[in-house]
2 protein chains.
Amino acid sequence: MPPNQRSQTKAPGGFLPHPLDQLTIEEIGKARNIILGLHSATSIGFRTITLEEPSKKILTMFLSAEHKGELSSVTWRPPRRARILFELISKDGLVELCESVVDVGTGLEKSFEVLDKKCHAPLNAEEVAMFPEVTMASPLFKKAISELSLPPNTVIVIDPWMYGGWENPSEDCPRYMQGLVYARDPKTTNPDSNHYAFPLPLIPVMDVAKKEIIRIDQLPTGGTEDGLEVGTGSKEPLAHCKACEYVPELIPGGLRQDLKPLNVVQPYGPSFTVTGNSLVEWQKWRFRVGFNPREGATIHDVWYDGRSVLYRLSFSEMSVPYGDPRAPFHRKQAFDFGDGGAGRAANNLELGCDCLGLIKYFDGIMNDVHGKAVISKNVICMHEQDDGILWKHTNYRTGRAVVTRNRRLIIQFIITLANYEYIFAYQFDQAGGISLETRATGVVSTVPIDFGKTSPWGNIVSPGVLAQNHQHLFCVRIDPAIDGYENTVVQEESHPLPFCPEINPYGNGYEVRKTVMKTSGFADAAPQHGRIFKIVNENKHNPISGRPVGYKLVPSPTQLTLAHPDSIMAKRMAYASHHLWFTKHRDGELWAAGPFTNQSSVERGGVKDMADRKENIENDDVVVWHSFGLTHNPRVEDFPIMPVETHQIHLKPADFFSKNPAIDVPSAKNQTSILYKKGGLVSSFVTEVPQSHDGDRRKSILIVDDNSTDSIAVQKTQQQGIKACCM
Amino acid sequence: MPPNQRSQTKAPGGFLPHPLDQLTIEEIGKARNIILGLHSATSIGFRTITLEEPSKKILTMFLSAEHKGELSSVTWRPPRRARILFELISKDGLVELCESVVDVGTGLEKSFEVLDKKCHAPLNAEEVAMFPEVTMASPLFKKAISELSLPPNTVIVIDPWMYGGWENPSEDCPRYMQGLVYARDPKTTNPDSNHYAFPLPLIPVMDVAKKEIIRIDQLPTGGTEDGLEVGTGSKEPLAHCKACEYVPELIPGGLRQDLKPLNVVQPYGPSFTVTGNSLVEWQKWRFRVGFNPREGATIHDVWYDGRSVLYRLSFSEMSVPYGDPRAPFHRKQAFDFGDGGAGRAANNLELGCDCLGLIKYFDGIMNDVHGKAVISKNVICMHEQDDGILWKHTNYRTGRAVVTRNRRLIIQFIITLANYEYIFAYQFDQAGGISLETRATGVVSTVPIDFGKTSPWGNIVSPGVLAQNHQHLFCVRIDPAIDGYENTVVQEESHPLPFCPEINPYGNGYEVRKTVMKTSGFADAAPQHGRIFKIVNENKHNPISGRPVGYKLVPSPTQLTLAHPDSIMAKRMAYASHHLWFTKHRDGELWAAGPFTNQSSVERGGVKDMADRKENIENDDVVVWHSFGLTHNPRVEDFPIMPVETHQIHLKPADFFSKNPAIDVPSAKNQTSILYKKGGLVSSFVTEVPQSHDGDRRKSILIVDDNSTDSIAVQKTQQQGIKACCM
């Protein structure tokens with residue numbers, strides 16, 4: 001790589017971004033200008049300008065030099081490239097969706113493609129903002145609303161949605177959007193009143209290019225007795241609806257008053273450090289945090305105690321198909337990553353609201369329709385959590401207990417897609433484990449139902465309000481690097497041995513059956529056989545056990561897609577037809593349901609296509625994908641806001657280390673825990689504040705008498721050394 | 001009930017225990033004296049003196065009066081009764097195991113039974129203490145040890161074990177114990193050195209009545225190539241063993257130094273209250289905490305917001321069968337509840353070690369072999385935990401987010417059974433949910449293996465040390481009271497609808513199939529069908545959905561027993577042959593594997609026998625049992641102490657409430673969360689200390705510069721109101 005290119009990758013202030021850092025504001029500007037320069041004759045709408053991660057071949061060379069501490073002496077760096085999804089818009093309004101990769105160092109375009117008409121970009125903020133405006137101005141929509149008998153001055157609230165699966169795979173599909181229509185509770189002017197309790201039986205459909213409502217779908221509102229028919233189609237759809245609110249000022253009876261504060265206090269600061277834009281070090285872990293508009297937070301180049309564990313870890317896709325067979329509900333299917341974008345939808349987190357303790361926030365750098373960089377503040381939060389006991393043992397002879405606590409490092413982001421919220425977290429622990437957590441919350445999607453009826457396809461969560469049965473089908477992508485990039489997946493199951501004198505004379509014996517995954521393909525969970533998957537490095541053996549070093553994944557044996565395999569809905573999310581997929585790494589293959597999901601009729605370029613190549617994956621650059629989900633048949637308790645439905649999957653070392661890697665975690669006795677005492681209920685509240693570095697502590701001791709509302713603060717100062725726990 | 005009996009149930013100080021309170025010290029004394037009085041001619045060894053919970057019929061009448069606030073006016077209380085398991089020992093040493101129930105109010109014996117010779121009491125502390133002494137003094141054992149070539153002055157360490165399944169079901173079985181034998185690392189004199197890294201190939205067997213070692217089982221020490229044969233039987237079994245330590249002072253390289261304190265501080269005290277010995281109220285929950293030697297902590301009479309949810313909740317049994325087919329390992333099968341006793345094995349918890357924040361401890365009252373009451377301090381801890389986000393929604397139009405945190409109340413106990421530890425917790429949340437958590441930790445059970453060999457039946461976790469494959473099979477007992485005691489279990493599954501124009505024209509539709517459990521029996525998990533179980537009250541319907549009010553249990557689809565169904569091992573734990581059991585309540589039927597598991601050959605009086613009665617359980621007093629487990633094929637990382645393997649099951653309201661019951665949880669902004677800042681990494685540390693009751697706060701603000709080791713405390717005082725979160 002010539003010297004001039006190296007200098008060009010330096011940002012103005014001399015800052016050299018890490019190859020995995022998001023594009024800088026300046027780099028987004030350069031990428032935009034390259035595209036504008038190449039297509040100066042045409043109007044351009046920018047969809048996405050995002051880092052094109054370096055090829056694995058180049059990046060791993062760079063990372064190798066980085067981990068060896070040789071970066072200051074190497075003369076090359078991976079080029080900084082941007083992938084730009086944009087629209088060329090002709091004077092007569094014809095739109096071509098294009099994708100380029102440009103080198104923001106050299107200014108050269110590395111690739112350019114006009115995409116197939118079947119490919120649709122994810123929704124952007126401009127479209128989401130436009131949809132309600134176009135709808136409200138539409139004569140078709142006005143007419144449909146006028147045919148309903150609504151209270152005077154009813155405020156209409158519209159949730160824009162992706163159009164869902166395109167039903168005619170042989171035809172090109174124009175870009176459409178649909179919307180779910182609600183009213184605000186006529187009894188309030190509060191703009192945060194919960195409109196999902198007041199659904200209207202209309203779905204307007206917009207031609208996006210024309211900015212025109214082309215059709216109003218009338219919704220079936222019947223119950224069990226109506227089958228697929230439309231129901232009574234009451235012209236007074238709100239007559240029986242009642243408020244069901246979640247903003248505090250609208251909750252009847254107000255909020256509960258007896259919840260006392262619980263504070264997480266880290267007087268000596270965090271145990272993690274952040275270097276540059278992306279490097280995190282914590283408790284022998286070292287990794288980088290990435291962020292992009294599609295996946296939100298991503299994790300890269302994960303090492304523990306000087307040994308490589310993962311190359312890349314991400315939440316790749318999530319689809320939410322609805323199970324109500326009546327048209328047009330078969331088009332209620334959101335791909336929240338591919339149609340929307342977890343990064344685009346990421347909440348700007350707020351201190352004291354989304355986590356406790358000492359918080360590091362990361363910002364996201366995205367772009368607007370003009371290609372200008374947009375900084376989204378605090379889209380990722382990182383903090384430590386206590387998760388109970390990590391390990392404990394008591395020697396009953398001596399009475400000595402040694403107990404350590406399970407500290408975790410959480411990298412979290414939260415997305416809002418109209419009604420729903422999802423909370424995603426990567427969790428690192430001190431014993432070499434990594435967990436991926438999803439929490440579903442927000443408002444269940446609602447449609448109207450004739451008052452008094454019930455439905456086989458959902459539940460009544462408020463009068464006249466049907467929450468339809470649906471699924472949330474996630475897929476995580478695990479690109480392992482177990483002591484290197486050549487890894488093997490081994491399926492392990494536990495089975496009873498034959499009950500016979502020669503093999504298993506007492507009938508208690510069982511065997512562990514191992515199956516090496518040799519070519520790309522799929523597998524399913526089988527908890528009845530204790531089926532797990534180990535990702536091992538066959539070239540390196542554990543010095544204690546002699547087995548290949550590895551990590552294990554216990555797959556979540558959750559229900560897979562309920563849509564019929566021949567349905568458009570199922571075909572679009574083939575990734576959700578099996579729990580596990582194993583593919584051979586190719587650069588850029590990051591998307592379980594393929595790069596373009598919006599209005600798709602079939603999963604194209606998704607994980608099934610990758611697996612179908614039947615490539616070697618034994619002792620090779622294997623990628624593991626895990627699909628799991630939640631069949632969500634709503635409870636009344638899921639309205640107006642659903643308490644989190646939490647799901648975790650775990651990656652744990654399995655003969656990777658030569659003993660419990662957390663055995664050196666200190667069993668420090670927490671100095672601020674206090675006793676609840678019976679009778680007078682007198683407790684002492686102790687908090688530690690570091691004062692100097694000679695090991696002294698100041699304790700402020702508070703006597704709490706919670707029989708009364710009095711609290712008396714007593715300040716003391718005393719010497720206090722660090723105590724080990726239960727020793 | 002006559003007045004004199006009422007007065008007799010009053011303890012000396014006038015204190016009237018709740019019918020679910022543990023026996024008091026005085027009551028244990030009375031129970032003892034009743035038995036001594038009735039059997040004055042014989043020597044008596046007391047095994048267990050524990051509360052005989054009142055019959056459900058009487059207790060529910062009492063609870064009804066209690067909940068109506070009528071207790072002060074009712075003239076009766078359930079009698080206080082003790083169940084006493086004891087041995088009558090004749091002058092010539094013959095032992096009869098007996099069980100009595102006595103009324104400690106009237107002093108009358110209500111029942112007396114000499115138990116079948118096949119019934120063996122759980123191990124007690126005296127036997128556990130006696131076993132190593134008898135072994136060390138045994139000529140047989142001395143001879144066996146002398147035949148091994150051990151370093152001079154090797155210290156022998158013995159783990160007493162239950163004998164396991166009795167192989168001759170037709171014969172009465174004498175009371176036996178066995179022991180696993182280890183050496184202390186010859187290089188240290190530290191009594192907490194990890195002897196499990198130095199296993200010896202002997203299992204001594206003791207006749208308990210005779211206090212005599214009757215046999216030394218020589219252990220097979222072979223590897224894969226030896227099949228069921230014994231292996232080389234090296235006479236230098238410790239030659240290749242190496243230390244693998246967990247106590248801090250013995251860990252090579254010492255402890256990690258970079259973990260900074262994380263404190264949980266509750267400046268206004270806890271959100272819970274404890275009344276009397278057992279009544280807990282927290283966040284609309286109200287329940288009682290019980291404790292007994294067999295189950296440890298139990299939960300009773302659970303109400304939420306004035307509505308009944310559960311009658312009784314407990315961890316009923318756990319068996320740990322080992323899967324190594326070689327004799328005598330087929331007898332490695334512990335019933336930790338029935339053979340040992342979770343209450344007897346409960347750790348005395350220590351402030352700052354086993355939980356953080358403000359802790360309420362409960363003591364356990366048990367007895368010694370003389371029938372004297374023994375108080376075991378701090379056997380249960382109760383505290384609040386933060387568990388991330390409870391629910392969140394952002395109205396993307398207004399940008400307003402409302403977010404609440406998931407506070408939980410944890411009732412936890414930890415047991416030690418020789419090598420293993422288990423952490424059990426009941427967790428209550430604010431959304432009407434109850435979770436049961438198990439964590440397995442401690443030391444995996446080890447036996448010797450010839451150096452350099454590997455085994456199909458376990459893993460090498462230290463040189464010459466085999467950790468055998470095994471299972472942990474739990475069973476929880478759920479005695480529901482969903483708005484009353486007559487409940488029904490309904491199995492629900494989600495299935496695709498037929499893909500045809502009349503039923504499911506687009507292929508997306510799915511149905512929910514419901515099956516009412518009409519008679520007692522069993523069921524298994526079927527996650528591929530999204531199978532869940534609802535416990536409903538058919539007599540009461542949700543005002544919103546019209547469905548019966550209920551709670552749902554998502555069963556854990558974990559692997560069930562791997563032992564062959566015809567093996568002694570499997571027969572003793574029939575409860576672990578299915579995930580779910582449904583039985584009709586009978587008083588005293590609390591034990592999944594039957595009342596007497598020690599040396600059993602078959603599960604007698606366990607949940608299978610109860611289910612086999614085929615009683616009506618529809619709209620009746622149904623009890624739900626859930627078996628789940630962990631197939632534990634050890635990793636090297638599970639040694640010397642295993643990081644927790646955590647498992648949770650959840651009971652969640654399903655149309656029990658008429659909306660999210662946690663919608664009134666305040667979205668209070670936490671005032672002590674602080675920012676980690678880039679660059680200088682300057683953060684502000686804020687802690688709140690209540691000063692007075694006019695809403696003022698003092699904040700102490702600490703500037704932490706964690707680029708250096710300096711910490712500069714800056715004290716400020718400022719006014720600060722309570723802020724709602726993200727409003």
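Predicted, not measured: the structure shown is a model, and the values here were computed from it. (Residues numbered from 1 in each chain as written. Chains lettered and ligands numbered in written order. Predicted model: local features only at pLDDT ≥ 70, side-chain atom pairs only at ≥ 80, totals over all residues. Heavy atoms only, no water.)

**Student:** Explain helix H3 (residues 56-67) of chain B here, please?
**Tutor:** Because an α-helix packs 3.6 residues into every turn, residues spaced three or four apart end up facing the same way. Residues and elements named next belong to chain B. Compared with the 16 Å implied by 1.5 Å per residue over twelve residues, the 16 Å span of H3 between its first and last C-alpha is a close match. Considered for burial, the residues of H3 that qualify are Lys56, Leu59, Thr60, Phe62, Leu63, Ala65 and Glu66. Contacts made by the buried residues of H3 are with strand E12 (285-292), strand E13 (296-304), strand E14 (307-321) and strand E24 (470-480). (Helix = DSSP H or I, 4+ residues; strand = E, 2+ residues; numbered from the N terminus. Expected span 1.5 Å × (residues − 1). Buried < 20%, exposed > 50% of the residue type's maximum accessible area, 1.4 Å probe, protein only. Contact = heavy atoms within 4.5 Å.)

**Student:** How should I be thinking about helix H5 (residues 139-146) of chain B in this particular structure?
**Tutor:** Residue and element names in this part refer to chain B. Taken together, the buried positions of H5 are occupied by Phe141, Ala144 and Ile145. Looking down the long axis of H5, one finds its buried residues gathered within 100° of arc, a one-sided arrangement. The exposed set on the far side of H5, more than 90 degrees from its buried face, consists of Pro139, Lys143 and Ser146. Buried residues in H5 make contact with helix H4 (125-137), strand E5 (156-162), strand E6 (176-183), strand E7 (202-207) and strand E8 (212-218). (Arc of directions from axis to C-beta.)

**Student:** Before we go on, may I ask you to explain the sheet that holds strand E21 (residues 446-448) of chain B in this structure?
**Tutor:** Whenever strands of a sheet pair, they do so through backbone hydrogen bonds, lying parallel or antiparallel. All names here are of chain B. Strand order across the open sheet formed by three strands is E21-E23-E22, with antiparallel pairing between neighbours. Of all strands in the sheet, those with a lone pairing partner are E21 and strand E22 (458-462), marking the two edges. With direction set aside, neighbouring strand axes in the sheet form an average angle of 45°. Two elements, E21 and strand E23 (residues 465-468), share three bridges in a ladder whose sense is antiparallel. In the strand pairing of E23, Val447 is matched with Leu466. (Pairing = 2+ DSSP bridges. Axes fitted to C-alpha atoms, helices over the stretch in contact; angles between N-to-C directions.)

**Student:** Teacher, can you tell me more about the nonpolar core here?
**Tutor:** One broad rule of soluble globular proteins: the nonpolar side chains tend to lie buried together. Formed by 122 residues in total, the largest nonpolar core has its most connected members in Trp285(A), Phe287(A), Ile411(A), Tyr422(A), Tyr426(A), Phe428(A) and Phe582(A). Top element by residues in this core is strand E14 (residues 307-321) of chain A. It accounts for six residues. Of all hydrophobic cores here, the second largest spans 121 residues; its members include Trp161(B), Ala297(B), Ile380(B) and Ile649(B). (Core = buried A, V, L, I, M, F, W, Y, C linked by side-chain atoms within 4.5 Å.)

**Student:** Help me understand the sheet that holds strand E28 (residues 532-541) of chain A, please; the structure alone is not making it clear to me.
**Tutor:** Ordered by their spatial adjacency, eleven strands build an open sheet running E26(A)-E25(A)-E28(A)-E29(A)-E32(A)-E20(A)-E19(A)-E18(A)-E17(A)-E16(A)-E33(B), and the pairing between neighbours is mixed. Edge positions in the open sheet fall to strand E26 (510-517) of chain A together with strand E33 (674-676) of chain B, since each of these has one partner strand only. Taken pair by pair, the neighbouring strands of this sheet meet at an average axis angle of 30°, ignoring direction. As judged from the eight bridges shared by strand E20 (residues 434-442) of chain A and strand E32 (residues 642-654) of chain A, these two strands associate in the antiparallel manner. Bridging from a neighbouring strand, Ala440(A) pairs with Glu645(A) of E32(A). Along the sheet, helix H2 (residues 25-38) of chain A contacts strand E16 (358-367) and strand E17 (373-395) of chain A; its crossing angle with E16(A), the most-contacted strand, is approximately 15°.

**Student:** Could you clarify how one ought to interpret the interface of chain B and chain A in this entry?
**Tutor:** Residue-level contacts link 200 residues of chain B with 202 residues of chain A. Summing both partners gives a buried area of about 16500 Å² for chain B against chain A, and 54% of it is carried by carbon and sulfur. Taken as a group, Arg256(B), Tyr510(B) and Tyr676(B) account for 6% of the area that chain B buries against chain A, more than any other trio of residues on that side. Of the charged contacts in the structure, one is a salt bridge between Lys669(A) and Glu350(B), with a shortest N-O distance of 2.6 Å. For the interface between chain B and chain A, the tally reads 113 residue pairs in polar contact (both at pLDDT 80 or more). Broken down by element, the residue count for the side of chain B that touches chain A peaks at twelve residues, all from strand E17 (residues 373-395) of chain B. Among the residues making up the side of chain B that touches chain A, the classes are represented as 95 nonpolar, 66 polar and 39 charged. Bridging between strand E9 (residues 263-265) of chain A and strand E9 (residues 263-265) of chain B involves three bridges; their strand directions are antiparallel. Across the sheet, the residue bridging to Val265(A) is Asn263(B), located in E9(B). (Buried area = accessible area lost by both parts, 1.4 Å probe. Salt bridge = Lys/Arg side-chain N within 4 Å of Asp/Glu carboxyl O. Polar contact = N/O pair within 3.5 Å; in protein donor to acceptor, adjacent residues only side chain to side chain. Nonpolar A, V, L, I, M, F, W, Y, C, P; charged D, E, K, R; others polar.)

**Student:** Would you mind showing me how to read the UniProt feature "domain: Copper amine oxidase catalytic" (unreviewed entry) in chain A here?
**Tutor:** The feature "domain: Copper amine oxidase catalytic" (unreviewed entry), as annotated in UniProt, sits at residues 262-663 of chain A in this numbering. The span residues 262-663 of chain A is 4% helical and 51% strand by assignment, and the distance between its end C-alpha atoms comes to 29 Å. (UniProt positions renumbered as here; feature names shortened; annotations may be inferred.)

**Student:** Where do I start with the pairing of strand E1 (residues 43-52) of chain B in this structure?
**Tutor:** Two faces, one strand: in a regular strand the side chains alternate between the faces of the sheet. Residue and element names in this part refer to chain B. For E1, the buried fraction is high: eight of the ten residues fall into the buried class. With nine bridges joining them, E1 and strand E2 (residues 81-89) adopt antiparallel strand pairing. Bridging from a neighbouring strand, Ile49 pairs with Ile84 of E2.

**Student:** Please explain the packing of H4(B) against H5(B) as it appears in this structure.
**Tutor:** For any two helices packed against each other, one specifies the crossing angle of their axes together with the interaxial distance. Residues and elements named next belong to chain B. One can describe the packing of H4 onto H5 by two numbers: an axis separation of 5 Å at closest approach and a directional angle of 70°. One way to sum up the angle between H4 and H5 is to call them roughly perpendicular. In contact with Thr135, Met136 and Ala137 of H4, H5 contributes Pro139, Phe141 and Lys142. Of the residues belonging to the contact of H4 with H5, the class tally is four nonpolar, one polar and one charged. (Parallel < 35°, antiparallel > 145°, perpendicular 65-115°, else oblique.)

**Student:** Can you help me understand the packing of aromatic side chains in this one?
**Tutor:** Any two aromatic rings considered together are summarised by their centre-to-centre distance and by the angle between their planes. All names here are of chain B. Taken as a whole, this structure holds 56 aromatic pairs over all chains when the rule is applied. Between the aromatic rings of Tyr163 and Trp166, the centroid separation amounts to 6.1 Å while the plane-to-plane angle is 50°, which identifies the pairing as tilted. Arranged with centres 5.0 Å apart and planes meeting at 70°, the rings of Tyr182 and Tyr196 form a pair that is edge-to-face. Placement of the pair is Tyr182 in strand E6 and Tyr196 in the loop between E6 and E7, with a sequence separation of 14 residues. Note on accessibility: Tyr182 and Tyr196 belong to one class, buried. Its guanidinium or amino end placed over the ring of Phe657, Arg307 lies 5.8 Å from that ring's centre, counting from NZ or CZ. Between the NZ or CZ atom of Lys360 and the centre of the ring of Phe362, over which it lies, the distance is 4.8 Å. (Phe/Tyr/Trp six-rings, centres within 6.5 Å; stacked < 30°, edge-to-face > 60°. Lys NZ or Arg CZ within 6 Å of the ring centre and 35° of its normal.)

**Student:** When you look at the pattern of salt bridges in this model, what are you seeing that I'm missing?
**Tutor:** Residues and elements named next belong to chain A. Tallied over the entire structure, the rule returns 100 salt bridges over all chains. The shortest N-O distance in the salt bridge between Asp450 and Lys453 comes to 2.8 Å. Since its relative accessible area comes to 8%, Asp450 is described here as buried. On the basis of relative accessible area, Lys453 is assigned to the buried category, the value being 14%.

**Student:** I tried to follow the relation of the copies chain B and chain A on my own but got confused; where do I start?
**Tutor:** Relating one copy of the chain to the other requires a rotation about an axis plus a shift along that axis. Taken as rigid bodies, chain B and chain A are interconverted by a rotation of 180° and an axial shift of 0.0 Å, the fit giving an RMSD of 0.0 Å. The transformation just described matches what one would write down for a two-fold rotation axis. Residues of chain B ranked by C-alpha distance from the rotation axis are headed by Val264(B), positioned 2.4 Å from it. Taken together, the interface assignments show that 100% of the residues at the interface of chain B recur at the interface of chain A, consistent with an identical surface on both copies. (Least-squares fit on C-alpha atoms with pLDDT ≥ 70 in both.)

**Student:** Honestly, the side chain of Thr221(B) in this entry has me stumped. Any pointers?
**Tutor:** Residue and element names in this part refer to chain B. Looking at the element boundaries, Thr221 is found in the loop between E8 and E9. For Thr221, a relative accessible area of 4% puts it in the buried group. A polar contact of 2.6 Å, which involves the side chain of Thr221, links it to the side chain of Asp450. Once residues within four sequence positions are removed from consideration, Thr221 is found in contact with Pro201, Val230, Gly231, Thr232, Gly233, Arg326, Pro448, Ile449 and Asp450.

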